Amino acid sequence: MCGIVGYTGRKQAAPILLDSLSRLEYRGYDSAGLAVRNGTALAEVVKATGKLHHLADKTDQGRALAGCCGIGHTRWATHGDPSLVNAHPHVSGNCSGSGSGAVESDVVGVHNGIIENYTELKEKLLRRGYTFYSETDTEVAVKLVDYYYKKYKIGPVDAITRTMVRIRGSYALALMFKDFPDEIFAARKDSPLIIGTDEEESFLASDVPAILKYTRQVYYIDNHQVARVSPGKVVFYDLNGDEVPMPLTEITWDAEAAEKGGYEHFMLKEIHEEPAAVRDTLNSMVKDGKIDLSQTGLTEDVIRSIEQIDIAACGSAWHVGMAAQYVIEDLAEIPVRVELASEFRYRKLPLSRNTLVIVISQSGETADSLAALRVAKERGAVTLAIVNVIGSTIAREADHVLYTLAGPEIAVATTKAYSAQLIAADVLAVHLAAVRGTVSPEREAGLLEELAAIPDKISRILEEKDRLQWFSSKMANTHDIFFIGRGLDYAISLEGSLKMKEISYIHSEAYAAGELKHGTISLIENNTLVIGVLTQKELYEKTVSNMMECKSRGAFLAGITTNGNFSVEDSVNFTVYIPKTDEHFMASLAIVPLQLLAYYTSVNRGLDVDKPRNLAKSVTVE
Ligand code: G6P
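What counts, and at which threshold
Residues numbered from 1 in each chain as written. Predicted model: local features only at pLDDT ≥ 70, side-chain atom pairs only at ≥ 80, totals over all residues. Heavy atoms only, no water. 1 Å grid on protein atoms, 1.4 Å probe; cavity = no way out; pocket = protein on both sides within 12 Å on 5 of 7 lines; lining within 4 Å. Points joined across faces, edges and corners; volume = space filled by probe spheres on them. Helix = DSSP H or I, 4+ residues; strand = E, 2+ residues; numbered from the N terminus. Nonpolar A, V, L, I, M, F, W, Y, C, P; charged D, E, K, R; others polar. Pairing = 2+ DSSP bridges. Near = heavy atom within 4 Å. Polar contact = N/O pair within 3.5 Å; in protein donor to acceptor, adjacent residues only side chain to side chain. Areas by Shrake-Rupley, 256 points an atom, 1.4 Å probe, with all protein chains shown as cover. Sits in = over half its atoms within 2 Å of the grid points. Domains from an automatic or database assignment. Contact = heavy atoms within 4.5 Å. Buried area = accessible area lost by both parts, 1.4 Å probe. Salt bridge = Lys/Arg side-chain N within 4 Å of Asp/Glu carboxyl O. Buried < 20%, exposed > 50% of the residue type's maximum accessible area, 1.4 Å probe, protein only. Axes fitted to C-alpha atoms, helices over the stretch in contact; angles between N-to-C directions. Parallel < 35°, antiparallel > 145°, perpendicular 65-115°, else oblique. Left-handed = near helix turned anticlockwise from the far one by under 90°.

The next thing to look at is the layout of surface pockets. In this structure, the largest pocket spans a volume of roughly 500 Å³. Cys314, Gly315, Ser316, Ala616 and Lys617 are the residues nearest the centre of the largest pocket, which is lined by 26 residues in total. Residue assignment for the lining of the largest pocket shows that the elements contributing at least two residues are α9 (315-332), β21 (355-361) and α16 (488-504). Split by residue class, the lining of the largest pocket holds 11 nonpolar, 11 polar and four charged.

Take a look at the structure:
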C-alpha cells in the first residue's frame, strides 16, 4: 500500500525522505516521488516509476533537491495505472505533463487511501475551472483543498477540515502550502499515519520503521484530525478547527530491529528472530509460571460469560485464527468460528454480549480487519485485538488488546509476527480453559511448561536449515505444490502454502487432506510435490493414506513430522523431523521448516524475497 513520509527541520529533507521511503518499501509500491521546499521557493517535485532507486538516481540520492521541508510517497496503484503522471506528489496547479519540476502550485500533497466520491468532487471542480492531469483521486483531494483555501481565504487547517467533511473514503494526507514554507499539514481517516518529533525536527510516516532511526517520540494522529507540523512542534486540530491535545508515545523498538543486521534478506533475519519474538510474547503473558492477562483488561467474569468466539483476520493472521480454533475448542470447549475479515464485515452474523470477537493483525491497520472490529463492536460483541504495533488503530479501538512482542517486521511475507500471534493465541486458549475450569491447574502448569520450551525448539529447527536449503534447490522448478493435513495440520498447511506461493510464485494450494479426493486429486501428475503435515497423532495415518493416494498418481512426497513419533520414511521421499511438544502447540514448530522452504525456494529462483510482486505488507484499503 502507499507509503507517506515527511520531514521538516534543519537538515536537507530529500536524503532523509528517500531513506524513510526505503524503509517503507515493504509496504509494496510501483512508483515514487518527492516534493521539497527550499524556503519560500516553489516546491520541486520529482517522480519516478518502478523501484525507489530510480527516484534516488534521478535526484542524485536526494542531493539535487535543496530544501529542509518535504514530503515523499511510494504509490501502490489504485486509481490510474502506475505511470509517472499518476505518481505522487500531486499539485493544485494547472500544469501539463506529470507535474514535475518547480511547480507553480499553492498546494502539493501525497495521499494513502481511497477517496470513494472522487468522481463527483472532480466534476464539481471541473465546473469551477480546475483541470486535471492525472487519473488519481489524490489530485482531486489536493485541488479540493486548494479550492477551499482560495475561496474562503482561510488557513490550511480550515481548508483541510472543509475538504475532510466533503470526502468519503479513507485517507492519510500530507500537504505543503506555498505560503507556509517550513510546515507540513497532515490529515487522517482510517489510513495509518504517525508523526515523530525531535528537538528541532519533525517527521511523518505511514509506519514506525520509516522514522525509527531518527526519533522514538511519536504522535498517533487520530481519525478526523488535522496536524500542523513544524520543526520540533506539532499541533492537532479537530474538524471544528479547535486545538486538541494529543499524547506523545515513546516507541520501545530498537532502531537495529528494522535493519538487516548481516542477513541477506529481512525474511531470513525475521525467521531467526522467531525464538525471541515467541519468548518475549510468552514472557509478557506468563509471569512466575502464571498466566497474567491483566494488561488486556479481560476479566474472569467476561471469560466465564463467553458462549461463542468469532475470529476475524486477513492473510496469515487468519491462518493463526484457523490454528487457534482447534486449540481453543479442544482446551476451553468454546465454539469458535473463523472468518476472513473481508467476509465477516459484510455477513449478518448474530453476535451478542456473550460473543468474543478476536481480531488478529500484525499491523493493526488492515482495512478489512478494522472494519470487522467496528462491525463487531456495533453489534454488541466484546472485542479483543491481538496486535503487534502499539498504538495502531485496531489496538486503539478494540475493547481489549493483547500485544505480541515481535518487534518491527519488514519482509512482506510474515514469519515472526505470525509465530508471535500463534503463541499469544495458545496462551489465551490455555487461560480461557483454566478460568472456565476445562483444564485442571496441573494440566495448565504442564501446558505452560510445554509453551515455555517452544523458543528453544524453534532454535533447534533453525540449526538444521541447510537440509531445507538443499531440498528447495531440488524443487525450485516445480510447477505445483499441494500442502495437506487434517485438523491443526490443515491450518499449518494453509500458512505453509501461502508462504510458498507469495514469495516463490509457484502455484500452491492447501487442502484438508480428506478433501483431496473431491476434485483436487485430478491435478496430481508425475512429480507434483505434495507436502503432508503430520503432527497430530490421531490424524496421522489418515493423512499418510491420502499422501499415498497421491503417490500412486505420480506425486513426489515430503512429510513434516515429529522426531521419533511416527515413521514416515518408508512412505515419503523427503522427511523433515521437528521436536515434539504438546500436540496443541505443534503449529509453532511445524511452520518453521515451511517458512524456510519458501524462503530458500524464492532465493533459488532469484526473486525479490522481501518484496514480492503485487503484494503489500499492510493492506489499508478494502
Ligand atoms: C497482508 C500481508 C500478510 C498479512 C496480511 C494481514 O496481506 O502481506 O502477510 O498476513 O496482510 O496483515 P495484518 O497486519 O492485519 O496482520
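Ordered in space as β6-β3-β2-β4-β1-β11-β10-β12-β16, the nine strands form an open sheet in which the pairing is antiparallel. Single-partner strands in this sheet number two, and they are β6 (101-103) and β16 (249-250). Here strand β12 (residues 217-220) pairs with β16 via two bridges, running antiparallel. Bridge pairing in β16 places Val218 opposite Thr249.

Close contacts around the ligand come from 13 residues, with Ser316, Ser361, Gln362, Ser363 and Thr366 the closest. One nitrogen or oxygen atom from the side chain of Ser361 is found 2.6 Å from an oxygen atom belonging to the ligand. The separation between an oxygen atom of the ligand and a polar main-chain atom of Gln362 is 2.6 Å. Notes on the ligand: free accessible area 380 Å², of which the protein chains cover 89%. Applying the majority rule of atoms within 2 Å of the grid points places the ligand in the largest pocket. When residues of the shell around the ligand are assigned to their parent elements, the largest contribution, three residues, is made by α9. Tallied by class, the residues present in the shell around the ligand amount to five nonpolar, seven polar and one charged.

As a further point, take the domain arrangement of the protein. Domains assigned within the protein are domain 1 (3-252), domain 2 (266-462) and domain 3 (465-604). Between domain 1 and domain 2, the C-alpha centre-to-centre distance is 35 Å. Domain 1 puts nine residues into the contact, and the matching count from domain 2 is 12 residues. Summing both partners gives a buried area of about 920 Å² for domain 1 against domain 2, and 53% of it is carried by carbon and sulfur. Its largest share of buried area at the contact with domain 2, domain 1 owes to Tyr26, Asp190 and Tyr220, together 49% of the area lost on that side. Scanning the region where domain 1 abuts domain 2 turns up three salt bridges.

Inspection of the secondary structure assignment puts Gly485 in strand β24 (residues 480-485). Look at Gly485 and you get buried, because its relative accessible area is 0%. Measuring from C-alpha to C-alpha, the distance between Gly485 and Thr535 comes to 8.9 Å, with 50 residues separating the pair along the chain. Ignoring anything within four residues of it in the chain, the contact list for Gly485 reads Tyr490, Ser493, Tyr511, Ala512, Ala513, Val533 and Thr543.

Enumeration over the complete set of coordinates arrives at six cavities of 30 Å³ or more. Taken as a whole, the largest cavity holds about 120 Å³ of empty space. In this structure, the largest cavity is lined by 16 residues; those nearest its centre are Pro192, Ile194, Ser206, Asp207 and Glu365. Residue contributions to the lining of the largest cavity reach at least three from each of two domains, namely domain 1 (3-252) and domain 2 (266-462). By volume, the second largest cavity amounts to about 80 Å³. Along its surface, the second largest cavity is lined by Tyr26, Asp207, Pro209, Trp253, Gln362, Ser363, Val389, Pro408, Glu409, Lys617 and Ser618. Two domains share the lining of the second largest cavity, each providing at least three of its residues, namely domain 1 (3-252) and domain 2 (266-462).

Between α9 and helix α13 (residues 416-436), the shortest axis-to-axis distance is 9 Å and the interhelical angle comes to 20 degrees. In terms of orientation, α9 lies roughly parallel with respect to α13. By crossing handedness, the relation of α9 to α13 is classed as right-handed. Contacts from Ser316, Ala317, His319, Val320, Ala323, Ala324, Val327, Ile328, Leu331 and Ala332 of α9 reach α13 at Tyr418, Gln421, Leu422, Ala425, Asp426, Ala429, Val430, Leu432, Ala433 and Arg436. Of the residues belonging to the contact of α9 with α13, the class tally is 15 nonpolar, three polar and two charged.

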